[in-house]
Amino acid sequence: MANKINIPWQEKPADCKEVMWRHSNNPIIGRYHIPTSNSIFNSAVVPFEDGFAGVFRCDNKSVQMNIFAGFSKDGINWEISHEPVVMKAGNTEMIESDYKYDPRVTFIEDRYWITWCNGYHGPTIGIAYTFDFKEFFQCENAFLPFNRNGVLFPQKFNGRYAMLSRPSDNGHTPFGDIYISFSPDMKYWGEHRCVMKVAPFDQSAWQCTKIGAGSVPFLTKDGWLMFYHGVINTCNGFRYSMGAAILDKDNPAKVLYRSKPYLIAPAAPYELAGDVPNVVFPCAALEDGEKVAVYYGAADTSVCMAFGYIDEIVDFVKNNSL
Ligand code: BMA
């Protein structure tokens, strides 16, 4: 974007030896932030007007999963609607949805596109657009069930939209690789290609069970930087950590580098304990060309932030690539 934006930011603590660090007031959004919520997590934010807007996953106290719009002046203090997003018909009348969760938001050309995990005979990728985060227009589901973690690129490639996703099953999927698909019109998707598979257990175990796209990729000097989640199945269940990959600028199906060590793994109390312990789940990144602020869900309970310098992260991924 042409205008340099003021992203939320905290400097690296003097004693921090890692490439990324957490917000000192994490979680920035607690589980009971709106009256009906049981938990608020795995949510996405973008620059909007003179501040920020977002789409938040708020599960209610019946533990129904839905998405809610929110606004913020500083990216940290959020006003989240008490009512879920209501969809109008976009490029289809078929806007059936049993549930909505894990939204991502991508600005492309003239509007904000929302992708999420949409309940249609099981999870698949729902798509909608908005101009103002007040009116939302739902489009055709991108894929057949079952699929999760649909993340759009912010630009077209040869006139086609591009989306990462992770084909899955109807449950707590014990497998998962990242694919890319293309569409001329946000309705029909094809040219499905495999981008990234799980890592071998003996090389990078934190990402050996399943991986899924996280934040909307953004361009760096070396290509598209994308934060993703990787999962290991431990004797105590799944453990979700965050890594980063760099994809080719012109051919986003091509992985150039991919972090062998994780960037952030569950370690803080709010990541270790919650409705689902041991989850760090990135869904958005704000960047200004120099710095990046990542938004991630912690323990399926709250929204947290982590920070880093883009060049340092890119160098870390290049120098510690799988
Ligand atoms: C996935 C999704 C995410 C969740 C994760 C960890 O299958 O349900 O929303 O954060 O599991 O429980």
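What you see is a predicted model; the values in this text were computed from it and never measured. Sequence order as written defines residue numbering, which begins from 1 separately in each chain. It should be noted that, the model being predicted, local features are given only for residues of pLDDT at least 70 and side-chain atom pairs only at 80 or more, the latter also being counted only at that level, while totals for whole chains, interfaces and linings use all residues. Values shown for side chains rest on all heavy atoms present in the structure; no hydrogens or waters enter the calculation.

A.B. asks: Which parts of the structure should I look at to understand the overall build of the protein?
C.D. replies: In this text, helices come from DSSP runs of H or I with a minimum length of four residues, and strands from runs of E with a minimum of two, each type numbered from the N-terminal end. Of the regular secondary structure elements, the protein holds two helices and 22 strands. Radius of gyration: over C-alpha atoms. The globule rule applied is 2.2 Å multiplied by the number of residues raised to the 0.38 power. Taking 322 residues into account, the globule formula puts the C-alpha radius of gyration at 20 Å, and the protein, at 18 Å, falls close to it. Along the three orthogonal principal directions, the C-alpha set of the protein runs to about 50 × 45 × 45 Å. Here the term buried applies to any residue with accessible area under 20% of the maximum for its type, exposed to any over 50%, and partly exposed to those in between, with areas from a 1.4 Å probe on protein chains only. Across the 322 residues in the protein, those meeting the buried criterion constitute 58%. Contacts are residue-level and defined by heavy atoms, with any inter-residue pair within 4.5 Å sufficient. Of the contacts formed within the protein by residues at least 6 apart in sequence, a portion of 52% connects residues at least 24 apart.

A.B. asks: Is there a simple way to explain the nonpolar core in this structure?
C.D. replies: Nonpolar side chains in soluble globular proteins generally cluster together in the buried interior. In this structure, Trp78, Ile80, Phe133 and Tyr295 are the most contacted members of the largest nonpolar core, which totals 37 residues. Elements represented by at least two residues in this core include exactly β2 (37-48), β3 (51-60), β4 (65-72), β8 (111-119), β20 (280-287), β21 (291-298) and β22 (302-309). Once residues within four sequence positions are removed from consideration, Phe133 is found in contact with Val46, Phe48, Ala53, Gly54, Val55, Ala69, Phe71, Val105, Tyr112 and Ile114. For this analysis, a nonpolar core means a set of buried residues of the types Ala, Val, Leu, Ile, Met, Phe, Trp, Tyr and Cys, connected via side-chain atoms within 4.5 Å. By size, the runner-up hydrophobic cluster in this structure holds 24 residues, among which are Leu263, Val292, Tyr296 and Ile310.

A.B. asks: What exactly am I supposed to notice about the site of the ligand here?
C.D. replies: One heavy atom suffices: a residue is near a molecule or strand as soon as one of its heavy atoms comes within 4 Å of it. Taken together, Asn42, Arg57, Tyr101, Asp102, Tyr240, Val276, Val279, Phe281 and Asp300 form the complete shell of residues around the ligand. Computed with a 1.4 Å probe, the accessible areas rest on the Shrake-Rupley method; for each residue, only the protein chains presented here act as cover. In isolation the ligand exposes 310 Å². Once the protein is present, 88% of that is buried. Residue type decides the class: Asp, Glu, Lys and Arg count as charged, Ala, Val, Leu, Ile, Met, Phe, Trp, Tyr, Cys and Pro as nonpolar, and the leftover types, Gly among them, as polar. Tallied by class, the residues present in the shell around the ligand amount to five nonpolar, one polar and three charged.

A.B. asks: Would you take a moment to explain the sheet that holds β21 for this structure?
C.D. replies: Each strand in a sheet pairs with its neighbour through backbone hydrogen bonds, running either in the same direction (parallel) or in the opposite one (antiparallel). Two strands are counted as paired when DSSP detects at least two bridges linking them. Read from one edge of the open sheet, four strands run β1-β22-β21-β20, paired in antiparallel fashion. Pairing within the sheet leaves two strands with one partner each, and these edge strands are β1 (21-22) and β20. Relative to β22, β21 is paired through eight bridges, and the arrangement is antiparallel. Bridge pairing in β22 links Val292 to Gly308.

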